Amino acid sequence: MIGEESSLLKDRQRIIDNFYPAGSEVAQYFTPCAIPNACVGDPWYGFDVAAAKKLMADAGYPNGFKTKLSYRNVVRGYLPDPKGVAQDIQAQLKANLGIDITLDEQESTTFLDNADAGKLDGLYLLGWGADYPDPDNFMALFTSYSGNNYTQWKSKDLDKLVQDGAGEANPAKREAIKLATIDSTIALTFALTINASILILAAATFHHTGKTDVAELDQAVQAQGAVRHERLVGATR
């Protein structure tokens, strides 16, 4: 998972240490810091089981809940051991928060077709490898007109920021635009990796941080039909 809850709920460094090549780093920002103008804005929150348990209790899930984690067992640069990572997420969320996850490994084409059609319930793992070194290649994935926006989440503000950034040549102005774009995508990052149950939990964090226009839990519940389908990012086929 991504964002405050994602860091609170699971130990990402453990996943990096156990399943990724030497030299890999935990992502601290929405876009990779190696890309110009990408490492800006607020960093993600650290791993904190106690804080995660409080958020769970506040959202009405003090003893966890049941959900599903779907994936395809296909190696990618962003996911070198899909099954191992899925199993570790399953183990961490069970041990830390009492969340019972059923793993659902699907054949690759079936999995991607289901993601395209919005048929994956609960959590699922997908990723994205940049085609060119610019934040636009990540941000544009989640515009309303993107063919890779499997989340079905839409924002006119994000659309405009992405378009403004793509059309701006001045580096300083582009950095300011990208910072605003990253702030605008905080809501999206939760929708990418969480199912309907965790979306309610995410709404509590939205309200706490003041970073999105999701103001109350009932708004998240109403929105979950459009955004419950998760993306770690869009699909690389």
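The preceding data block contains the structure.
Residues numbered from 1 in each chain as written. Predicted model: local features only at pLDDT ≥ 70, side-chain atom pairs only at ≥ 80, totals over all residues. Heavy atoms only, no water.

### Observations regarding the overall build of the protein chain
Consideration 1: Scanning the protein chain for helices and strands turns up 11 helices and three strands.
Consideration 2: Put simply, the protein chain runs from its N terminus to its C terminus through helices and strands in the order α-α-α-β-α-β-α-β-α-α-α-α-α-α.
Consideration 3: Residues classed as buried in the protein chain amount to 51% of the 237 residues present.
Consideration 4: For the protein chain, contacts bridging at least 24 residues in sequence account for 70% of all contacts bridging at least 6.
Consideration 5: A total accessible area of about 10,800 Å² is found for the protein chain, and carbon and sulfur atoms account for 51% of it. (Helix = DSSP H or I, 4+ residues; strand = E, 2+ residues; numbered from the N terminus. Buried < 20%, exposed > 50% of the residue type's maximum accessible area, 1.4 Å probe, protein only. Contact = heavy atoms within 4.5 Å. Areas by Shrake-Rupley, 256 points an atom, 1.4 Å probe, with all protein chains shown as cover.)

### A word on the sheet that holds strand S3 (residues 123–124)
Consideration 1: Ordered by their spatial adjacency, three strands build an open sheet running S2-S1-S3, and the pairing between neighbours is parallel. Each edge of the open sheet is held by one strand with a lone partner, namely strand S2 (100–106) and S3.
Consideration 2: Bridge count for strand S1 (residues 66–72) against S2 is seven bridges, and the pairing is parallel. Bridge assignment links Ser70 to a residue of S2, and that residue is Asp104.
Consideration 3: On top of the sheet, helix H4 (residues 82–97) reaches S1 and S2; it is set at about 170° to S2, its chief contact.
Consideration 4: Relative to the sheet, helix H5 (residues 108–117) contacts S1, S2 and S3, its axis offset from that of S1 by approximately 125°. (Pairing = 2+ DSSP bridges. Axes fitted to C-alpha atoms, helices over the stretch in contact; angles between N-to-C directions.)

### What about the side chain of Ser155?
Consideration 1: Counting through the fold element by element, Ser155 comes out in the loop between helix H6 (136–139) and helix H7 (156–166).
Consideration 2: Reaching out from Ser155, the side chain makes a polar contact with the backbone nitrogen of Leu158 at a distance of 3.2 Å. (Polar contact = N/O pair within 3.5 Å; in protein donor to acceptor, adjacent residues only side chain to side chain.)

### Details of the nonpolar core
Consideration 1: Ranked by internal contacts, the top residues of the largest apolar core, which has 18 residues, are Leu69, Val85, Ile89, Ile99, Ile101 and Leu125.
Consideration 2: Looking at this core, the elements with two or more residues in it are helix H2 (12–19), helix H3 (49–58), S1 and H4.
Consideration 3: Per-element accounting of this core gives the leading share, five residues, to H4.
Consideration 4: Grouped together as the second largest cluster of nonpolar side chains are 12 residues, Phe30, Ala38, Phe142 and Val162 included. (Core = buried A, V, L, I, M, F, W, Y, C linked by side-chain atoms within 4.5 Å.)

### Some words on the packing of H2 against H4
Consideration 1: Where H2 meets H4, the closest approach of the two axes is 11 Å, and the angle between their N-to-C directions is 150°. Considering the relative orientation of H2 and H4, their crossing is right-handed. Judged by residue contacts, Arg14, Ile15 and Phe19 of H2 engage Gly84, Val85, Asp88, Ile89, Ala91 and Gln92 from H4.
Consideration 2: Class assignment for the residues of the contact of H2 with H4 results in five nonpolar, two polar and two charged. (Left-handed = near helix turned anticlockwise from the far one by under 90°. Nonpolar A, V, L, I, M, F, W, Y, C, P; charged D, E, K, R; others polar.)

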